[in-house]
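Overview (structure and organization)
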Amino acid sequence: MTFVQVRYGATDSFITMPDGSVHYIFGFVDLTGVPENEIFARRGKATLLAPLLEVRVGDRVELTLTNLGMPQRPDLDDSHTIHWHGFPNQISLWDGVPETSIAVPVGRDFIYYYEPKDPGTYMYHCHFEPVEHIQMGMVGPLIARPADYNPANPLFKTAYGAGTGTEFDREYFLLISELDPVAHEQVHRVQEFDWSEYRPAYWLINGRAYPDTLHTAPDGDLSQQPYHSLIQANAGEKVLLRFINLGFEEHAITILGLPLRIIGRDAQLLRGLHGEDLSHWRDVLYFGAGQTVDVIIEPQQPALYPLFNRGYHKNTNAGATPGGMMTHITVYPAGTLPPQPGPGF
Amino acid sequence: MPTQATANGSPTIHLRAVDGYIITPDGASIYIWGYRDETGRAAQLPGPTIIVNQGDTVTIKLTNELRENVSLMFPGQNGVFRLTNRGAVPVGPIYENGRLVSLTDYVPPRGTVIYQFVASQPGTYIYHSGTEINKQVPMGLYGVIIVRPAGFDPLDPATWSAYGPETDTEFDREYLLVVAEIDPVLHEAVRLGKPYRPSTYRPRYWTINGRCAPDTMLPDRATYLPHQPYGSMIMAEPGERVLIRYIGAGCDAHPLHPHGNHTRVVALDGRLLRNGTQDLSHKHFTVLVGPGQTYDQIFQWDGLGYDPVTNPIPTPIPNLRNQAIGDVGWTMWSGSPYLGQKGDIPIGVTSLNVTGEYYFMLHSHSEPQITNWGEFPGGMMTMIGIFPVGTLGPEVGRLQRNSRANSTRERR
Ligand SMILES: [Cu+2]
Ligand SMILES: [Cu+2]
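Residues numbered from 1 in each chain as written. Chains lettered and ligands numbered in written order. Predicted model: local features only at pLDDT ≥ 70, side-chain atom pairs only at ≥ 80, totals over all residues. Heavy atoms only, no water.

1. What about the overall build of chain B?
If you tally the helices and strands in chain B, you get 3 helices and 30 strands. Considered along the principal axes of its C-alpha atoms, chain B spans approximately 75 × 50 × 40 Å. Counting the 412 residues in chain B, one finds 58% classified as buried. When the accessible surface of chain B is summed, it comes to about 15900 Å², and 51% of that surface belongs to carbon and sulfur atoms. Side chains of chain B give 33 positive and 37 negative charges; the mean places of these two sets differ by 8 Å. (Helix = DSSP H or I, 4+ residues; strand = E, 2+ residues; numbered from the N terminus. Buried < 20%, exposed > 50% of the residue type's maximum accessible area, 1.4 Å probe, protein only. Areas by Shrake-Rupley, 256 points an atom, 1.4 Å probe, with all protein chains shown as cover. Lys, Arg positive; Asp, Glu negative; His and termini not counted. Charge placed at Lys NZ, Arg CZ, Asp CG, Glu CD.)

2. Let's talk about the sheet that holds strand E1 (residues 3-16) of chain A
All names here are of chain A. Read across the open sheet, the 4 strands follow the order E2-E1-E4-E6; overall the sheet is mixed. Two strands bound the open sheet, and with one partner strand each, they are strand E2 (22-30) and strand E6 (109-114). Here the average twist between neighbouring strands, direction ignored, is 25°. Of the pairings in the sheet, the one linking strand E4 (residues 60-67) to E6 comprises 6 bridges and is antiparallel in character. What sits directly across from Leu 63, in E6, is Tyr 112. Sitting on the sheet, helix H2 (residues 181-188) is in contact with E1 and E2, with an inclination near 75° to E2. (Pairing = 2+ DSSP bridges. Axes fitted to C-alpha atoms, helices over the stretch in contact; angles between N-to-C directions. Contact = heavy atoms within 4.5 Å.)

3. Focus on unusual backbone geometry
Note the cis peptide between Tyr 210 of chain A and Pro 211 of chain A, where omega equals 5°. In this structure, Pro 211 of chain A sits in the loop between strand E10 (202-205) and strand E11 (231-234). Backbone torsion omega between Phe 376 of chain B and Pro 377 of chain B reads -5°, so that peptide bond is classified as cis. Structurally, the position occupied by Pro 377 of chain B is in the loop between strand E29 (358-364) and strand E30 (381-386). Located in the positive-phi region is Asn 89 of chain A, a residue other than glycine, with phi close to 60°. By the secondary structure assignment, Asn 89 of chain A is in the loop between strand E5 (83-85) and E6. The buried category is assigned to Asn 89 of chain A, whose relative accessible area is 14%. We note that Glu 132 of chain B has phi near 40°; this positive angle belongs to a residue other than glycine. Inspection of the secondary structure assignment puts Glu 132 of chain B in the loop between strand E13 (123-128) and helix H1 (133-139).

4. Here we look at the domain arrangement of chain A
Residue and element names in this part refer to chain A. According to the domain assignment, chain A contains domain 1 (3-151) and domain 2 (173-332). Centre-to-centre separation of domain 1 and domain 2, based on C-alpha positions: 20 Å. Both faces combined, the contact of domain 1 with domain 2 buries some 3400 Å², and carbon together with sulfur accounts for 66% of it. Among the residues of domain 1 in contact with domain 2, Leu 49, Thr 121 and Gln 135 are the three that bury the most area, contributing 21% of the side total. Seen at the junction of domain 1 and domain 2, the total is 0 salt bridges. Linking domain 1 with domain 2 are 19 residue pairs in polar contact (both at pLDDT 80 or more). Among the elements of the structure, E1, E2, strand E7 (120-125), helix H1 (130-135) and strand E8 (139-145) are those that each provide at least two residues to the side of domain 1 that touches domain 2. Ranked by the residues each element gives to the side of domain 1 that touches domain 2, the list is headed by E7, at 6 residues. Residue composition of the side of domain 1 that touches domain 2, by class: 23 nonpolar, 12 polar and 7 charged. (Domains from an automatic or database assignment. Buried area = accessible area lost by both parts, 1.4 Å probe. Salt bridge = Lys/Arg side-chain N within 4 Å of Asp/Glu carboxyl O. Polar contact = N/O pair within 3.5 Å; in protein donor to acceptor, adjacent residues only side chain to side chain. Nonpolar A, V, L, I, M, F, W, Y, C, P; charged D, E, K, R; others polar.)

5. Digging into H2 of chain A
All names here are of chain A. Among all positions of H2, only Ala 183, His 184 and Val 187 are buried. Down the axis of H2, the buried set is contained in an arc of 95°. They therefore lie on one face. Looking at the packing, one finds that the buried side of H2 touches E2, H1 and strand E9 (170-179). Structurally, the start of H2 carries an N-cap: the backbone nitrogen of Val 182 is 2.9 Å from a side-chain oxygen of Asp 180. Note on H2: the residue one or two positions beyond its end, Val 190, has a positive phi of about 60°. (Arc of directions from axis to C-beta.)

6. Section: the interface of chain B and chain A
With 64 residues of chain B in contact, the opposing surface of chain A contributes 69 residues. Taken together, both faces of the contact between chain B and chain A bury some 5300 Å²; the carbon and sulfur share is 61%. Counting across the interface, chain B meets chain A through 2 salt bridges. Between Arg 204 of chain B and Glu 197 of chain A there is a salt bridge, with the nearest N and O atoms lying 2.8 Å from each other. Where the side of chain B that touches chain A is concerned, the elements lending two or more residues are strand E19 (254-258), strand E23 (278-279), strand E24 (282-284), strand E25 (287-289), strand E27 (330-331) and E29 of chain B. Looking at which element gives the most residues to the side of chain B that touches chain A, the answer is E29 of chain B, with 5 residues. Each residue belonging to the side of chain B that touches chain A can be placed in one class, and the counts come to 33 nonpolar, 21 polar and 10 charged.

7. Comments concerning the coordination of the copper ion (ligand 2)
Protein ligation of the copper ion (ligand 2) involves His 85 of chain A (ND1), His 125 of chain A (NE2) and His 365 of chain B (NE2), the donor distances falling in the range 2.0 Å. Within this pair, whereas His 85 of chain A is found in strand E5, its partner His 365 of chain B is found in the loop between E29 and E30, the two belonging to separate chains. When sorted by exposure, His 85 of chain A lands in the same class as His 365 of chain B, which is buried. (Donors = N, O, S within 2.8 Å, 3.2 Å for Na, K, Ca; no water.)

8. Concerning the environment of Cys 212 of chain B
All names here are of chain B. One can find Cys 212 in the loop between strand E16 (205-208) and strand E17 (234-236). Along the chain, Cys 212 and Pro 11 lie 201 residues apart, while their C-alpha atoms are 32 Å from each other. If we skip the residues at most four places from it in the chain, Cys 212 touches Thr 24, Pro 25, Tyr 205, Trp 206, Thr 207, Asn 372 and Gly 379.

9. Re the packing of aromatic side chains
Taken as a whole, this structure holds 29 aromatic pairs over all chains when the rule is applied. On the numbers, 6.1 Å between centres and 40° between planes, the contact of Phe 28 of chain A with Tyr 124 of chain A is tilted. Taken together, the residues span a long stretch of sequence, with Phe 28 of chain A in strand E2 and Tyr 124 of chain A in strand E7 at a distance of 96 residues. Tyr 124 of chain A carries the same exposure label as Phe 28 of chain A, and that label is buried. Through pairs of rings, three or more aromatic residues link up here, namely Trp 84, Phe 87, Phe 110, Tyr 112, Tyr 114 and Tyr 122 of chain A together with Phe 285 of chain B. Sitting above the plane of the Tyr 149 of chain A ring, Arg 145 of chain A keeps its charged end 4.3 Å from the centroid. (Phe/Tyr/Trp six-rings, centres within 6.5 Å; stacked < 30°, edge-to-face > 60°. Lys NZ or Arg CZ within 6 Å of the ring centre and 35° of its normal.)

10. Side note on a nonpolar patch on the surface
A contiguous nonpolar patch, built from Tyr 95, Leu 100, Leu 103 and Ile 133 of chain B and spanning about 360 Å² of accessible area, is present on the exposed surface. For Leu 100 of chain B, a relative accessible area of 37% corresponds to the partly exposed category. (Patch = residues over 30% accessible without salt bridge, like charges linked within 9 Å, V, L, I, M, F, W, Y side chains within 5 Å.)

11. What to know about the sheet that holds strand E13 (residues 251-255) of chain A
Residues and elements named next belong to chain A. Taken in spatial order, the 5 strands make up an open sheet running E11-E20-E19-E13-E17, and their pairing is mixed. Strands at the two margins of the open sheet, each flanked by one partner only, are E11 and strand E17 (284-287). Each neighbouring strand pair of the sheet contributes to a mean axis angle of 15°, computed without reference to strand direction. Sheet topology places E11 next to strand E20 (residues 326-332); 4 bridges connect them, and they run parallel. Counterpart to Asn 234 in the pairing with E20 is Tyr 332.

12. Focus on the nonpolar core
One recurring pattern in soluble globular proteins is that nonpolar side chains are buried together. Judged by nonpolar contacts, the single largest core of 114 residues is most densely connected at Phe 28, Ile 82 and Trp 84 of chain A. When residues of this core are assigned to domains, at least three fall in each of domain 1 (3-151) and domain 2 (173-332) of chain A. Listed in part, the 32 residues of the second largest apolar core include Tyr 31, Ile 60, Tyr 125 and Tyr 127 of chain B. (Core = buried A, V, L, I, M, F, W, Y, C linked by side-chain atoms within 4.5 Å.)

13. A few points about the environment of Ala 162 of chain B
If you trace the backbone, Ala 162 of chain B turns up in the loop between strand E14 (142-148) and strand E15 (173-182). Spatially, the C-alpha atom of Ala 162 of chain B lies 25 Å from that of Tyr 359 of chain B, the residues being 197 residues apart in sequence.

Shown next as structure tokens:
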């Protein structure tokens, strides 16, 4: 049981697609531990994705949101919020919905408070004018660990707790979304965008399109897109994939050569009311906006396995192929890779 | 609100297919086709909710007051017949000169057709036109049928369940959310008698119970919305079991996401999620409702128990003058973090909060769908109000004959 304190700033920046195009975003920037006199320098440094939030059942979590304003849009005085999507039994004050509580104006702070009760894969995002602020990039992954989580003990390194059949050796999150460049351009130019005209041209995993999804080195052009999604494992390992759909479309994700064991959905272990095992196998994971799915794969053969969107037009970058929602799973002979220090990349 | 069958096991419901108008919060008036019952004069969206009991022989008369053939089909019901003076004949697709003109027996303008079926399974079902479906259903010719399980007594809460005893579907209050889309170009083309190409279908409005947010939160039978009689504000007290029925009446899928808690999906398409003794129900925080699907779910909100005396919230509440409240001109917040308490709301902001209740949004997470023609807030969004214990009357969240909503007859 830990008292967790984190602090995020809401601001803007730019991201880059593999075709060299640059897109204006809103987003969050990690301010945890940043001295007060250095906060201002983080304006304009939003990242897509927002930082991974990792909490544990039993923790007490204080999350401070600071609205840093948008250097690229000094005219814009939008407030922001943080909504823990799918988080059960929150009280409305900390639910992050401006219409049912408060929002944080430019230059102000607000402290959200959470007591995680249920482990699983969640997401967080701004809920102020959410169609705009989510599409503009105010999205991040959220993992709640079971109370008995212990990465040093294989029986307790699980997604949903010891004895739930959700042990894993490595884990990765894959937050998938889309980008409509016209919407981003209009927002940058202070023009109204008709959201019923939403038509994405880029499809993203962890804020990047293929082949940038494979680019593991920190890179100047991708400085605001911190998460690649090259998945690596040793043969015979159990790999937990936490899928989060924070786009506005349904997506069909498949991995050629690796069947998917679906063990959780929407931060709930797949169990019936009396403990019935509802986990199941799929080759294609089809899921909608605002859903999360926990998948375990167990690759046995060292090889390269492509992960892509079976809606093939989504494996493109502004019409050029290959691109979009695609990455690889590289499987090495047993014992090649050292243990994973933490989730992700 | 709903058309409740009488208890004799052979209810007769008379629907008319008519035209009319609905209004949207951005001031548009949209021509629709829809069904009405004996209490209405114009089309309502959605059509009247029909509530019958399991085992009833249900007779539905449809009178056509439109200018083209129209019909009713009953997905999920087996053994649907048309009553003729030569007896009952099974309904089926109608071909004329080699062309499919209707998926089911239709009635021409000014005529009446009589359908009959036995409601053999409890659950949530849709009814809609089976004729010129890519026009008539989006135009509004759809509604809901609820089949009560055997033993259900509207006067005895101990018998209230979606699927009967021992099915773990008991509830304290229940709500219907019928979701659909509107492409205004279609509606205008039909109004003017002009052609419309269904492949150009491009929704600009997204509806729950025929309304776009924020009208979704207005009460049933709001006078301002004479032809959209059903609200979709969900109200409950902590710990109550709330049955929420989602029905996909449009042509697109909608990922419906309630804040506050998961819903436990107990049935799909009017079938209990159970295999013998094996329970297949599952909790979700977002349910992707596809066209024609129905989902029955139990929602409960328990809360972290922040009682102002025993469990004060552990963070400082900032000066509210330093925070943004009511940017859209109104707020549903009470001004207090505690359930059942009210605090100060900044001057100039309208508070819609009644008694310190909490509100949790329920909305499509395909977020362009929570706009009205691209403008937030709007569309497929409503709220779940969690009220302090003991503050909601028994009439709230009831779908039954003589409910408050049903007792108000429209003036002719
Ligand atoms: Cu925001
Ligand atoms: Cu959300």
